[in-house]
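Summary of the model geometry
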Amino acid sequence: MGKLKINSLLLIIGLCSIAAKADNNFTNGQQLVAAGDCISCHTAKDGAPFAGGLKMITPIGAVYSSNITPDKTFGIGNYSYDDFVKAVREGVAKDGRNLYPAMPYTSYAKVTDQDMRMIYDYFMTQVKPVKQANLESDIPWLISMRWPLAVWNEIYLDNSIYQADNSKSEQWNRGAYLVQGLAHCGACHTSRGIGFAEKALDQSDQTYLTGALIDNWYAPDLTENAISGLGNWSKQDIIQFLKTGHNDKNAAFGSMSDVIKNSTQYLSDEDLTSIAVYLKSLTSTSKHSASSTTNNTTTSLVAGDMSQPGAQEYMDNCSACHRIDGQGYTKTFPSLAGSPVVLSEKPDSLIRIVLNGSQVPVTQDAPTGLTMPDFAWRLDDLQMANLLTFIRSSWGNNAEKVTVSDVKSVRDATTTKGKN
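About the thresholds
Residues numbered from 1 in each chain as written. Predicted model: local features only at pLDDT ≥ 70, side-chain atom pairs only at ≥ 80, totals over all residues. Heavy atoms only, no water. Salt bridge = Lys/Arg side-chain N within 4 Å of Asp/Glu carboxyl O. Helix = DSSP H or I, 4+ residues; strand = E, 2+ residues; numbered from the N terminus. Buried < 20%, exposed > 50% of the residue type's maximum accessible area, 1.4 Å probe, protein only. pLDDT = per-residue confidence, 0-100. Contact = heavy atoms within 4.5 Å. UniProt positions renumbered as here; feature names shortened; annotations may be inferred.

All right, on to the pattern of salt bridges then. Enumeration over the complete set of coordinates arrives at 13 salt bridges. Note that Lys243 and Asp269 form a salt bridge whose closest N and O atoms lie 3.0 Å from each other. Pair noted here: Lys243 is in helix α11 (residues 235-244) and Asp269 is in helix α13 (residues 269-279), with a separation of 26 residues, a long-range link. Accessibility expressed as a relative area gives 44% for Asp269, which makes it partly exposed.

And the structure:
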């Protein structure tokens with residue numbers, strides 16, 4: 001068997017093992033590591049689990065994830081428990097180097113001592129050591145010096161462990177602990193300000209989890225925003241999405257597919273419910289209400305009226321799966337009417353999905369892994385802009401138009417295919 005197949009098999013076995021040992025209260029380190037989604041960042045494509053080497057793009061250059069297997073030469077085999085805690089909670093390696101905040105230690109700082117001990121024991125006793133050297137970052141020399149990161153930590157790092165809010169339920173607190181801590185949802189879904197730090201780390205600031213642009217994807221709003229957030233999702237919609245990668249309203253895309261494939265599908269129903277309870281408690285600053293679905297677009301398409309720009313492109317490329325009424329098919333192809341991705345403030349994710357295609361993650365409860373094809377080769381920038389503007393303004397949708405420059409920007413950043 002080839003090396004590539006062996007490494008892929010090891011990864012699958014590791015994930016299946018996590019699933020097999022799941023319990024309802026996260027009482028072992030393996031479940032905690034799954035909740036933290038450590039494997040997604042610390043495993044390169046076709047690489048050995050937790051051996052590092054995954055390339056991650058930052059505003060100042062690319063960094064590569066480190067080897068966190070218990071190998072004593074290249075990994076963390078020589079880390080004491082205190083060394084491990086300092087790295088995970090404070091972003092400082094055993095040799096004193098400051099870690100780049102691509103490692104979400106500002107979130108992991110909230111993890112309790114009990115959970116941290118179980119995570120450490122898991123890595124030291126259950127992960128296979130891998131002798132794989134770590135890669136240097138691609139950040140230019142002058143700005144790659146690590147000492148400014150100590151200053152960054154002084155300004156932005158709050159390393160206090162999560163404190164329960166006694167005015168809230170135990171279920172709410174469990175959800176808050178997971179979302180703010182191990183699951184580090186804010187790392188993608190909260191915008192960043194000066195110094196590239198997250199603008200908020202919990203619900204005390206209303207910018208928390210309101211969406212952010214990251215790696216040419218727009219991680220959507222997770223608050224009760226009725227247009228581009230979770231305002232029209234029930235708790236069960238959230239649970240189903242985290243467990244299977246899709247629901248009647250949306251399908252996972254981008255790095256969220258990896259999160260579901262490697263992490264959330266293995267969480268207990270109790271913890272998924274707690275996460276849903278917490279997310280549904282996050283009020284939105286948006287004053288807009290969801291538009292009601294109308295049949296005007298459907299009526300025009302059925303009558304053969306293709307006068308609206310983008311209508312013909314929709315009928316030729318999208319209607320077979322998403323239907324003429326934009327409603328899609330339950331548990332198969334998501335609805336475009338009222339979709340948070342379609343109505344997002346920034347259309348980057350929608351553009352990228354249609355340009356490059358997407359695949360629903362393969363999970364235990366949804367093993368099909370349906371794929372949406374790419375259309376970068378078929379539609380030029382003007383056709384794509386017209387199509388997406390049509391989708392964003394039909395069936396009751398009312399979002400800003402997509403411009404040719406919007407499409408060109410995403411195409412240039414994410415694909416070399418296409419007509420332009």
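For the rest of this paragraph, the subject is the confidence of the model for the protein. In the predicted model, the protein carries a mean pLDDT of 89, and 90% of its residues have values of at least 70. Low pLDDT, under 50, characterises residues 1-27; the stretch is placed with 45 contacts to residues that sit more than four places away or in other chains.

With that settled, consider the UniProt feature "binding site: heme c 3" (unreviewed entry) in the protein. Here, UniProt's "binding site: heme c 3" (unreviewed entry) annotation points to Cys318, Cys321 and His322. Within the fold, Cys318 resides in the loop between α15 (311-317) and α16 (319-322). Among residues more than four places away in sequence, those in contact with Cys318 are Glu313, Arg323 and Leu387. Along the polypeptide, His322 turns up in helix α16. In this structure His322 comes out as buried when scored by relative accessible area, which is 12%. Once residues within four sequence positions are removed from consideration, His322 is found in contact with Tyr314, Gln327, Gly328, Phe333, Pro334 and Leu336.

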